[in-house]
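# Descriptive analysis of the structure
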Amino acid sequence: MKLIINGKEEDIQPDNVSVTELLKIKSVEQPDMVSVELNGEFLKRPDFGTTQLKSGDRIEFLYFMGGGSR
Amino acid sequence: MELTQEQIVRYSRHIMLKEVGGEGQKKILQSKVLIIGAGGLGAPVALYLAAAGVGTLGIVDADVVDLTNLQRQVIHATPDVGKPKVQSAQETINQINPDVKVITYQTLFKAENALAILGDYDFVVDGTDNFPAKFLINDACVMANKPFSHGGILRFDGQTMTVLPGKSACYRCVFNEMPPAGVVPTCSQAGVLGAVAGILGTIQAAETLKYILGYDDAGNRHACSLLTDRLLIMNAKSMQFREVRFKKNPDCPVCGAHPSINRLADYEQKACELKREA
Ligand SMILES: [Zn+2]
C-alpha cells in the first residue's frame, strides 16, 4: 500500500500494517522515541498497536530532540 | 522613548525595513527576552538579539564554560573557559551593544524558581539541552501565558516551533510526555555539528524579533507568520527543511480541555545517562 511517510510517498508491504508494525519496518527501534501524527491528528502511544494503516494515509514520525546547551 | 542619533545609525538596516521602521526598533529596544541555556542554541540567540537591540536580555545557566563548548557556543571564547556561562555571555553582549541590559541567573531553571524567573519577560527562548528542562519550560510558559520558542538539535538535525499559549499548539501537544531515560540521546552523548546550533538558534532569534514586532490572532502581521502550529525540522546532511503542521491537541496534558498537569514539577531524567549510541 502507498503511505506518505514524513512527506514522501512509499510503498509498504504488507498491506494493512499497524503503526507499531510500520515503526518496526522503518527501523524505529523504540516507539518511545517518536510522536506519531496520522492524517493530522496525534496518536496516543497505547493506540499504536491497534491503529491499522490504509493506503493513502499520511503519517509523520516526530523525533524527540533534546540538545541545545551543554 | 526617542531613538538617539547613534541608535538611528546603529539600527539603520532594521529601520529601513518597512516591517520594522523606527516604531518597530523602539519596540525591540523596550522588549525583555529570557534565554534559558547559554549554550549551543542560546549563544546565537543571545548574539543576534543583543545586536538587534533587545532592551533586556535575561540569561539562565548554571554551568561554567568548558573547552568542549567552544566548538559551537560562539558567545564564549577561549579565555572564558572556567567562567560562569552567564558572565561570559554578559561580557560579550556588553561589547556588542551597550543598549542591552543583561540580567543573569546562574542557576538551573527549576519548578521552584521557574515562575519567578519568567517574571515580566515578553518572550522566552528554550535553549536547553535536556528533556526535564524542555518540558518544564513548556509547562511554566503555558501556565504563565508566556510565548516561547522551542528548539532542539542533535547530530545533523534540528527542530523548532513557536508557542503562543492558549492560541497555538504547545510542545506537549506534540510530545505528550518525556521519553523514558536513555531512549533519546542528547548532544553531549551523540555529538552535534556546531553550525546546526547556529542555524536553529538564528531561526529562534528571528521568531523572537517577529513576535516583538507584533502579530495578530492569526499569527500574522506585516506579512510575517510565526512558526506556530507547525514544527520546522531540518537535516543538515541533506540540507532539507520540512514542516509538520498540527493544531492544538484537545488531549494535551497541559493546554488541553482537561489538563492533568496543574502544577510545575522537576522531572527526573538525567539527560546524560545514555549508553553510547551505535
Ligand atoms: Zn498543549
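Refer to the structure above for everything that follows.
Values in this document were obtained by computation on a predicted structure and should not be read as measured data. (Residues numbered from 1 in each chain as written. Chains lettered and ligands numbered in written order. Predicted model: local features only at pLDDT ≥ 70, side-chain atom pairs only at ≥ 80, totals over all residues. Heavy atoms only, no water.)

Here we come to the overall build of chain B. What chain B contains, in helices and strands, is 10 helices and 10 strands. The C-alpha radius of gyration computed for chain B amounts to 18 Å, which stays within 12% of the reference 19 Å derived for 278 residues, consistent with globular compactness. Dimensions along the principal axes, computed over C-alpha positions, put chain B at roughly 55 × 45 × 40 Å. Looking at chain B as a whole, 55% of its 278 residues qualify as buried. Excluding contacts between residues fewer than 6 apart, the proportion of contacts in chain B whose partners are at least 24 apart in sequence is 67%. For chain B, the exposed area adds up to about 12,000 Å²; of that, 52% sits on carbon and sulfur atoms. Between the averaged position of the 28 positive side-chain charges in chain B and that of its 28 negative side-chain charges there is a distance of 3 Å. (Helix = DSSP H or I, 4+ residues; strand = E, 2+ residues; numbered from the N terminus. Rg over C-alpha atoms; globule rule 2.2 N^0.38 Å. Buried < 20%, exposed > 50% of the residue type's maximum accessible area, 1.4 Å probe, protein only. Contact = heavy atoms within 4.5 Å. Areas by Shrake-Rupley, 256 points an atom, 1.4 Å probe, with all protein chains shown as cover. Lys, Arg positive; Asp, Glu negative; His and termini not counted. Charge placed at Lys NZ, Arg CZ, Asp CG, Glu CD.)

It is worth spelling out the state of the cysteines at this point. One pass over the full model with this rule turns up zero disulfides over all chains. This cysteine, Cys141(B), is not joined by any disulfide, and Cys170(B) carries the nearest cysteine sulfur, 10 Å off. (Disulfide = S-S within 2.5 Å.)

Our next topic: the pairing of strand E6 (residues 157–163) of chain B. All names here are of chain B. Within E6, six of the seven residues are buried, which leaves it mostly tucked inside the rest of the structure. As paired elements, strand E5 (residues 148–154) and E6 share seven bridges and run antiparallel to each other. Of the residues in E6, the one forming a bridge with His150 is Met161. Bridge count for E6 against strand E9 (residues 230–235) is four bridges, and the pairing is antiparallel. Bridging from a neighbouring strand, Thr160 pairs with Leu232 of E9. (Pairing = 2+ DSSP bridges.)

Opposite the 22 residues of chain A that make contact, chain B presents 46 residues. For the pair chain A and chain B, the summed buried surface comes to about 2,500 Å²; carbon and sulfur atoms form 55% of the total. At the boundary of chain A and chain B, one finds three salt bridges. We note a salt bridge from Asp251(B) to Lys44(A), for which the minimum N-O separation is 3.0 Å. In this structure, the connection of chain A to chain B is made through four residue pairs in polar contact (both at pLDDT 80 or more). Elements supplying a minimum of two residues to the side of chain A that touches chain B: strand E3 (34–38), strand E4 (41–42) and strand E5 (58–63) of chain A. Among the elements that take part in the side of chain A that touches chain B, E5(A) stands out by supplying four residues, more than any other. (Buried area = accessible area lost by both parts, 1.4 Å probe. Salt bridge = Lys/Arg side-chain N within 4 Å of Asp/Glu carboxyl O. Polar contact = N/O pair within 3.5 Å; in protein donor to acceptor, adjacent residues only side chain to side chain.)

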